[in-house]
Amino acid sequence: MISGLMDFDRFGVLTEEGLPGDEIRELIHIAHQEGMSVMAHANGARTVQAAAEAGADRLELNSAFYLGGLTPTVGMVRLAEENGLDVYVSVFTGWMSGFWFLPNYTWDKHVITDPFMVEAEEFLLDKLAERLMPEKAFKGIDLGNELNVYGFLLKEFSLEEGDAWLRHMTAYTQAKFPGKEVVLGVDHTPWFEDHNFSRSALAQTGTMTSLHTWIEYSGATKFGIHSSEVRSLPEFNIELAN
C-alpha cells in the first residue's frame, strides 16, 4: 500500500495516501524474518524510492494510476536500479485500483479475442523488448493486472478464449524476453470458480504464479478482520494453485 488507494467513484482521486514509511518498513521486516522476499506494487518515481527505503526486494512497476495505469518508462526502470531494486513491468495493466485504462481505439474491439488487438499487443511487446532487455534491473513481465475483471465488467470471454490468449501471449513474451520471468496476475475470482482463465492454465503457464489474495473482495473479512479465514487466505490460494 505504498502508492495509496484510488477512489472507485472519482477518477484519479486517492481516498488516502500510502501507509507511513515506518509501517511499510515494519511489514517488510516481518516478511523478511519469515524468510520471504517482498515485491511492492509501485506507481511513479516517489513510490519507487519509498519502496527502496522500506527494504523491498523488487517492484511490480506501473505509472500514472490517475489514468488507470500505464506501462512505465525506461527512466523509471533505471531509477529502480539506482535504488537497488529488481523490476517486473506490467504491460496490459487492465484493472488498476478500480479503473480501466483503455485507449479509444480499443473501445469497439475485444482485447482478448480480437485478432487486431492481439497483433497490437504483440507489437507493444516487440517495442518493450527492444528497450527493456538491455536494462540490468529488468527481471520480467507481468502480462496484465487482473485482466479477468475485463471479462465480467466490460466484455465477457469464455474460459477457452482466455486460456488460448494466455498461452499464446505467454509463449510470445517468452520468445521476445528470453531468460526473463513471465506471469499473469489475476484476482481471486478465477481461482475460486474457473472464470475467464482456468486454474490449470494460470498455474501451469508462465514461469511463476501470481496470487492476489484480497481479504476484502474475496469476502474473507465478513468472518472478522483477525479471523482464521483472513489469516489463512494466502495459504488457501497457494493450495489452489498447487
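For clarity, every value in this text was computed on a predicted model and none was experimentally measured.

Q: Quick question: what am I supposed to make of helix α6 (residues 159-176) here?
A: Residue pairs three or four apart in sequence face the same way in an α-helix, which turns once every 3.6 residues. Taking 1.5 Å as the rise per residue, α6 with 18 residues should run 26 Å; its terminal C-alpha atoms sit 26 Å apart, in good agreement. Within α6, burial applies to Gly162, Asp163, Trp165, Leu166, Met169, Thr170, Tyr172 and Thr173. Against β5 (86-92), α4 (115-132), β8 (138-145), β9 (181-186) and α8 (199-204) lie the buried residues of α6.

Q: Any chance you could explain a nonpolar patch on the surface here in plain terms?
A: Together, Phe152, Leu153 and Leu154 line one region of the surface with nonpolar side chains, adding up to about 270 Å² of accessible area. Mapped onto the fold, Phe152 is located in helix α5 (residues 148-153). Owing to a relative accessible area of 37%, Phe152 belongs among the partly exposed residues under this scheme.

Q: I keep staring at the pattern of salt bridges and nothing clicks. Help me out?
A: Oppositely charged side chains can pair when the atoms bearing their charge come close. Within this structure, the stated rule accounts for 5 salt bridges. With its nearest N and O atoms 3.1 Å apart, the salt bridge here joins Asp108 to Lys109. By relative accessible area, Asp108 is classed as exposed at 62%.

Q: Would you mind showing me how to read the packing of aromatic side chains here?
A: When we look at a pair of aromatic rings, we describe it by the centre distance and by the angle of the planes. One pass over the full model with this rule turns up 6 aromatic pairs. Each residue in the set Phe92, Phe157, Trp165 and Phe197 is aromatic and connected to the rest through ring pairs, giving one cluster. The ring of Phe116 is capped by Lys109, whose NZ or CZ atom sits 5.0 Å from the centre of that ring.

Q: How should the pairing of β8 be read in this particular structure?
A: Counting buried positions over the 8 residues of β8 gives 7, a clear majority of the element. Two strands pair when backbone bridges link them, and β5 and β8 are joined in this way by 5 bridges, in the parallel orientation. The residue bridging Ser90 from the neighbouring strand is Asp142, located in β8. In this sheet, β9 lies alongside β8 in parallel orientation, the contact comprising 4 bridges. Among the inter-strand pairings, Asp142 is bridged to a residue of β9, identified as Val183.

About the thresholds
Residues numbered from 1 in each chain as written. Predicted model: local features only at pLDDT ≥ 70, side-chain atom pairs only at ≥ 80, totals over all residues. Heavy atoms only, no water. Helix = DSSP H or I, 4+ residues; strand = E, 2+ residues; numbered from the N terminus. Expected span 1.5 Å × (residues − 1). Buried < 20%, exposed > 50% of the residue type's maximum accessible area, 1.4 Å probe, protein only. Contact = heavy atoms within 4.5 Å. Patch = residues over 30% accessible without salt bridge, like charges linked within 9 Å, V, L, I, M, F, W, Y side chains within 5 Å. Areas by Shrake-Rupley, 256 points an atom, 1.4 Å probe, with all protein chains shown as cover. Salt bridge = Lys/Arg side-chain N within 4 Å of Asp/Glu carboxyl O. Phe/Tyr/Trp six-rings, centres within 6.5 Å; stacked < 30°, edge-to-face > 60°. Lys NZ or Arg CZ within 6 Å of the ring centre and 35° of its normal. Pairing = 2+ DSSP bridges.

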